[in-house]
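Breakdown of the fold
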Amino acid sequence: MGGFFYFSSMKIVLCKIEQLNVVIDLTKKIWPVAYGEILSKAQLDYMIEKFYNETALRELMQKGHIFYLAQDDKDKYVGFLSYEINCEPNKTKIHKIYVLPETQGTGLGRQFFELVKEKAIENQQNAIFLNVNKYNNAIHFYTKLGFTKVKDEVIDIGNGYVMDDYVMEVDILQ
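First, a word on what this report is: a plain description of the structure on this page. (Residues numbered from 1 in each chain as written. Predicted model: local features only at pLDDT ≥ 70, side-chain atom pairs only at ≥ 80, totals over all residues. Heavy atoms only, no water.)

**Quick word on the overall build of the protein chain**
Assigned secondary structure in the protein chain consists of five helices and eight strands. Computed over its C-alpha atoms, the radius of gyration of the protein chain comes to 15 Å, within 12% of the 16 Å expected for a compact globule of 174 residues. Projected onto its principal axes, the C-alpha positions of the protein chain cover 40 × 40 × 30 Å. The long-range fraction of contacts in the protein chain, counting pairs at least 24 apart against all pairs at least 6 apart in sequence, stands at 60%. Summed over all atoms, the accessible surface of the protein chain reaches about 9,200 Å², with 49% contributed by carbon and sulfur. (Helix = DSSP H or I, 4+ residues; strand = E, 2+ residues; numbered from the N terminus. Rg over C-alpha atoms; globule rule 2.2 N^0.38 Å. Contact = heavy atoms within 4.5 Å. Areas by Shrake-Rupley, 256 points an atom, 1.4 Å probe, with all protein chains shown as cover.)

Next comes the structure, spelled out in structure tokens:
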């Protein structure tokens, strides 16, 4: 597996277990902006603590989630991605794709998607799918990339909270 990719002035590097603290730090900066108007602060705090602690992220890596980090031209970390090949038969799932608010609109999200698409094609996948909160503006971004809504999904995450999502998918067969 390749160690890093260059896109414009961004460098995308494979995330090692020792770098999971970077994912956690980025989450704490990105999530309040991405979800501040959608979720309560209590739910945000709960989800970050439950899903973005080092133990939880390590377990995801051990289960086959592949993480990448993006660095700008000053080597500052500005975003992260995780995906899983064959999450469903012949389908790759993007689990996490987040960039700092000041990085939105630079093409980094599209570069993350292109990286996943390349890896999915290498692994003979038919499609890429993801979950997105029904009220998240990212739906427009995914639609531009060719994703379509394939189903609604409400996931109980404990503590009285749910994730109210669309599952979106794009075919990648050449």
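**A word on the packing of helix 1 (residues 20–35) against helix 2 (residues 41–51)**
Running from N to C, helix 1 and helix 2 point in directions that differ by 145°, and their axes come no closer than 11 Å. Helix-helix and strand crossings are classified by hand; for helix 1 and helix 2 the assignment is right-handed. Contacts between helix 1 and helix 2 involve T27, K28, W31, P32 and Y35 from the former and L44, M47 and I48 from the latter. Its residues placed into classes, the contact of helix 1 with helix 2 shows six nonpolar, one polar and one charged. (Axes fitted to C-alpha atoms, helices over the stretch in contact; angles between N-to-C directions. Left-handed = near helix turned anticlockwise from the far one by under 90°. Nonpolar A, V, L, I, M, F, W, Y, C, P; charged D, E, K, R; others polar.)

**Topic: the side chain of T103**
By the element assignment, T103 lies in the loop between strand 5 (91–99) and helix 4 (108–122). The contact partners of T103, leaving out residues within four places of it in the chain, are M10, V78 and L108.

**Some thoughts on the environment of V23**
Following the sequence through the fold, V23 ends up in helix 1. Its relative accessible area of 0% is what places V23 among the buried residues. Along the primary structure V23 and K91 are separated by 68 residues, whereas in three dimensions their C-alpha atoms are 24 Å apart. Excluding residues that lie within four positions of it along the chain, V23 makes contacts with C15, Y52, L57, F67, L69 and F80. (Buried < 20%, exposed > 50% of the residue type's maximum accessible area, 1.4 Å probe, protein only.)

**Regarding the nonpolar core**
V23, L81, I94, I128 and F147 are the most contacted members of the largest nonpolar core, which totals 54 residues. The element that contributes the greatest number of residues to this core is helix 1, accounting for eight residues. If sequence neighbours within four positions are ignored, I94 has contacts with L81, S82, Y83, F113, V116, I128, F129, L130 and F147. (Core = buried A, V, L, I, M, F, W, Y, C linked by side-chain atoms within 4.5 Å.)

**Considering the pairing of strand 8 (residues 161–171)**
Direction of pairing for strand 6 (residues 127–133) relative to strand 8: antiparallel, over a ladder of seven bridges. By the bridge assignment for strand 8, N131 is matched with V167. Hairpin geometry of strand 7 (residues 148–158) and strand 8 is characterised by an intervening segment of two residues between the two adjacent antiparallel strands and by a positive phi of about 60° at N159. (Pairing = 2+ DSSP bridges.)

All we've got here are geometric facts, nothing functional implied.
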